[in-house]
Amino acid sequence: VQLQASGGGLVQAGGSLRLSCVASGRTFSNYAMGWFRQAPGKEREFVAVIRRSGHTPIYADSVKGRFTMSRENAKNTVYLQMNNLKPEDTAVYYCAADAHLISSTLRSPDHYDYWGQGTQVTVSS
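Let me sum up the structure you'll find in this document.

The rules we used
Residues numbered from 1 in each chain as written. Predicted model: local features only at pLDDT ≥ 70, side-chain atom pairs only at ≥ 80, totals over all residues. Heavy atoms only, no water. Helix = DSSP H or I, 4+ residues; strand = E, 2+ residues; numbered from the N terminus. Rg over C-alpha atoms; globule rule 2.2 N^0.38 Å. Buried < 20%, exposed > 50% of the residue type's maximum accessible area, 1.4 Å probe, protein only. Contact = heavy atoms within 4.5 Å. Lys, Arg positive; Asp, Glu negative; His and termini not counted. Charge placed at Lys NZ, Arg CZ, Asp CG, Glu CD. Pairing = 2+ DSSP bridges. Axes fitted to C-alpha atoms, helices over the stretch in contact; angles between N-to-C directions. Salt bridge = Lys/Arg side-chain N within 4 Å of Asp/Glu carboxyl O. Core = buried A, V, L, I, M, F, W, Y, C linked by side-chain atoms within 4.5 Å.

Let us look at the overall build of the chain. Regarding its fold elements, the chain presents zero helices and eleven strands. Taken from N to C terminus, the helices and strands of the chain fall in the order β-β-β-β-β-β-β-β-β-β-β. On C-alpha atoms alone, the chain measures out to a radius of gyration of 13 Å, which is about the 14 Å that the 2.2 N^0.38 rule sets for 125 residues. Once the C-alpha set of the chain is aligned to its principal axes, its extents read approximately 40 × 30 × 25 Å. The 125 residues of the chain split such that 42% are buried. The long-range share in the chain, meaning contacts at least 24 apart out of those at least 6 apart in sequence, stands at 58%. Separation between the mean location of the 13 positive side-chain charges and that of the 9 negative ones in the chain comes to 6 Å.

Following this line, the structure appears as structure tokens:
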């Protein structure tokens, strides 16, 4: 699976952005999809994940209530709507695909099979 993330940019605190990730190469609906982010000098951290069905996304506590993840299998695309952005949300955001998502490892980047190139999100205070 090839993943292409887009939609990042510079926004003021309190603003919104919507990230997109388009998949190609394999059957998109066979994969759970995740969003991760990595700030300079920090490890890559889990943001959100959505199962193949699109039901009940799971969010990191730091973004719960502000971010919404969704997917459109017909368009091979997942989205991350980010509202009320904070300076601490500044990072490179990556989408990832997992063919065998299980609850105990869904927050670990090590268990995802494919990764996009990342898109920069910068939130100014």
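This part takes up the sheet that holds strand β7 (residues 67-72). Pairing is antiparallel in the open sheet, where four strands are placed in the order β1-β3-β8-β7. Looking along the sheet, the strands with just one partner apiece sit at the ends: β1 (2-6) and β7. Put simply, the sheet's adjacent strands are angled 15° from each other on average, direction ignored. Pairing analysis gives six bridges linking strand β3 (residues 17-24) to strand β8 (residues 77-82), with the strands arranged antiparallel. Across the sheet, V22 pairs through a bridge with T77, a residue of β8.

Moving on: the pairing of β1. Alternating positions in β1 separate cleanly, L3 and A5 being buried on one face and Q2, Q4 and S6 remaining unburied on the opposite face. Across five bridges, β1 lies against β3 in antiparallel orientation. Directly across from S6, in β3, lies its bridge partner S20.

So, about the pattern of salt bridges. Across all of its chains, the model carries five salt bridges by this definition. In this structure, the salt-bridge partner of D61 is K64, at a minimum N-O distance of 3.1 Å. The salt bridge partner of D89 is R66, with a shortest N-O separation of 2.7 Å. Taken as a pair, D89 in the loop between β8 and β9 (91-98) and R66 in the loop between β6 (58-59) and β7 lie far apart in primary sequence, 23 residues in all. For the pair formed by D89 and R66, the shared burial category is buried. Via salt bridges that share partners, R37, E45, R66 and D89 belong to a single interconnected network.

The tendency in soluble globular proteins is for nonpolar side chains to be buried as a group. Of all hydrophobic cores here, the largest spans 36 residues; its most connected members are M33, W35, M69, L80, M82 and Y93. Elements supplying a minimum of two residues to this core: β1, β3, β4 (32-38), β5 (45-50), β7, β8, β9 and β11 (119-124).

It is worth spelling out unusual backbone geometry at this point. At N76, a residue that is not glycine, the phi angle is positive and equals roughly 55°. Relative to the helices and strands, N76 is located in the loop between β7 and β8. N76 sits in the partly exposed class, given a relative accessible area of 26%. In this structure, N84 takes a positive phi of about 50° despite not being glycine. Counting through the fold element by element, N84 comes out in the loop between β8 and β9.

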